[in-house]
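Structural characterization, general
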Amino acid sequence: RQTMADIAAVYDLKSQARALCAVEGDADRNRFVLATLNLRASNELHVLEFNEDTNEVRAVEVCAQPHEVWDVASCPSTTSASRLLVVANEGVSSHHAALLDLACLADGDDLLGTGGTARGTMKPAPAEMLRLVPPSSTAGLMRRALWNPNGDAAHAITVQPGGLHQWALDAGTAKPEPSALCPAAVAFADSSEAASKAGGRAPTVETASWDPHHAHTLACGGTAGALSTIDLRTMKQAASLAHAHRGPIRTISYNPNRPYVLATAGDDRAIKLWDLRKASGAPPTASSAHAAGGSAASALLELPSAHMHAPACCAYNRFHDQLLLSGGTDCALKLWRAAAVSSSPPTNEPLDGVDGAAADTDPDSEADGLVRSLGCHEESVYSVVWSVADAWLFGSLSFDGRFAINYVPAAEKYRILL
């Protein structure tokens, strides 16, 4: 298990927070955006940069935010790298996503990170280019805002328990209307019908992720453990898996290298990897996935006790899909190996049984499962993200506002490269 002394760098917001993203349009620097979550106190948005030469995190810019921030999303288009979507709640019922333009995100100067903003120096809240306000008929507060990962800066998706809204950001008005809606009852049509027949409660949307391989596909996870994909051209359900998890699905991450493959994590404490073309039957455990070839059962791989409590986030490595990060409400940050079901599977090594909750007692083992548990947080870890500039560097954010930078262990790095 890693200790605090092993962490590359730490930056404390000194405030509650759960919103974190990497600056997607900058492949030259390790830059991240964080925002605070204070209901009554003032809020802040921090643009940070990590210098690998000095192992230091500096604040590039700190600006005020008028409301508590639940999500931040950086535009993946290199021509619109300065744009940021910020999901803000103004109370128990008022919510929106604001489109901001921060010049510092696209600033190509100071590549060595020698400048920056002195801690305590705060700029005024940036002006909103657009404000996306969903209709009141869609239930629940906004949870997330998603950019099209294929580089389209003109469209976005917002996620609420009651459904998904699609937005045209180039509509020419400061407060555009959503261009399309997919209600939760449509997103989980199969599960909703089954719940209705059984007299139960229909599932609502808990999380969503935009497919990086197919621009018209979005995956969403529901409160009843259902996983489905939505065709954004029709805003209808395209495929579904009614019982992907025993309880709400909290997070989804698409494999960057293998189309149709994604990871999910839910309140049943499990992390599961799926090939949506083969979703049927009972999921295998890590020990049986290799023998079955990942084709005869629902999940390609399941880590049944990945966390002691519910995982809150997971993220595939951007370049090497053998690696997966997860963070949970058990305060744990974990790095996982999923080589056997990656785009570059090992050819000779058998896959041994793995209990995801166990410590990595044999760090030299080739088995899929836990690589390292990182002890750098003391409260729930709500966000994990890989750097855009360095394939082996990642950041994590816990509810107490601690942002930690870590590296993939050298042994794991060379296992993949060699």
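Residues numbered from 1 in each chain as written. Predicted model: local features only at pLDDT ≥ 70, side-chain atom pairs only at ≥ 80, totals over all residues. Heavy atoms only, no water.

Helix and strand counts for the chain stand at four helices and 28 strands. Within the chain, the fraction of its 418 residues that count as buried is 56%. The contacts of the chain with a sequence gap of at least 6 include a subset with a gap of at least 24, amounting to 55%. Carbon together with sulfur atoms contributes 49% to the accessible area of the chain, which is approximately 16700 Å² in total. (Helix = DSSP H or I, 4+ residues; strand = E, 2+ residues; numbered from the N terminus. Buried < 20%, exposed > 50% of the residue type's maximum accessible area, 1.4 Å probe, protein only. Contact = heavy atoms within 4.5 Å. Areas by Shrake-Rupley, 256 points an atom, 1.4 Å probe, with all protein chains shown as cover.)

Turning to the nonpolar core, a few remarks are in order. Counting residues in each nonpolar core, the largest one holds 20 residues, and the members touching the most others are Tyr 11, Phe 32, Leu 34, Phe 403 and Ile 405. When near neighbours in sequence (up to four residues on either side) are disregarded, Leu 34 contacts Leu 13, Ala 19, Leu 20, Glu 44, Leu 45, His 46, Leu 48, Leu 397 and Phe 403. Ala 315, Cys 376, Ala 391 and Ile 416 belong to the second-largest nonpolar core, a separate cluster that totals 19 residues. (Core = buried A, V, L, I, M, F, W, Y, C linked by side-chain atoms within 4.5 Å.)

Right, let's talk about the sheet that holds strand 14 (residues 205-210) for a bit. In space, the four strands of this open sheet follow the order 14-15-16-17, with antiparallel pairing throughout. The open sheet has two edge strands, strand 14 and strand 17 (236-241), and neither has a second partner. Neighbour-to-neighbour, the strand axes of this sheet turn through a mean angle of 25 degrees, independent of strand direction. One ladder, built from five bridges, connects strand 14 with strand 15 (residues 217-222); its direction is antiparallel. When the sheet's bridge partners are listed, Ser 209 is paired in strand 15 with Ala 219. (Pairing = 2+ DSSP bridges. Axes fitted to C-alpha atoms, helices over the stretch in contact; angles between N-to-C directions.)

All right, on to the pairing of strand 19 (residues 261-266) then. Most of strand 19 is tucked away: six of the six residues are buried. On strand 19, burial covers both faces: Val 261, Ala 263 and Ala 265 on one face and Leu 262, Thr 264 and Gly 266 on the other are all buried. By the bridge criterion, five bridges tie strand 18 (residues 249-254) to strand 19 in an arrangement that is antiparallel. Bridged to Ser 253 within strand 19 is Ala 263. The loop that links strand 18 with its antiparallel partner strand 19 comprises six residues; one of these, Tyr 260, has a positive phi angle of about 75 degrees. Here strand 19 pairs with strand 20 (residues 271-275) via five bridges, running antiparallel.

Read these as spatial facts, not as claims about activity.
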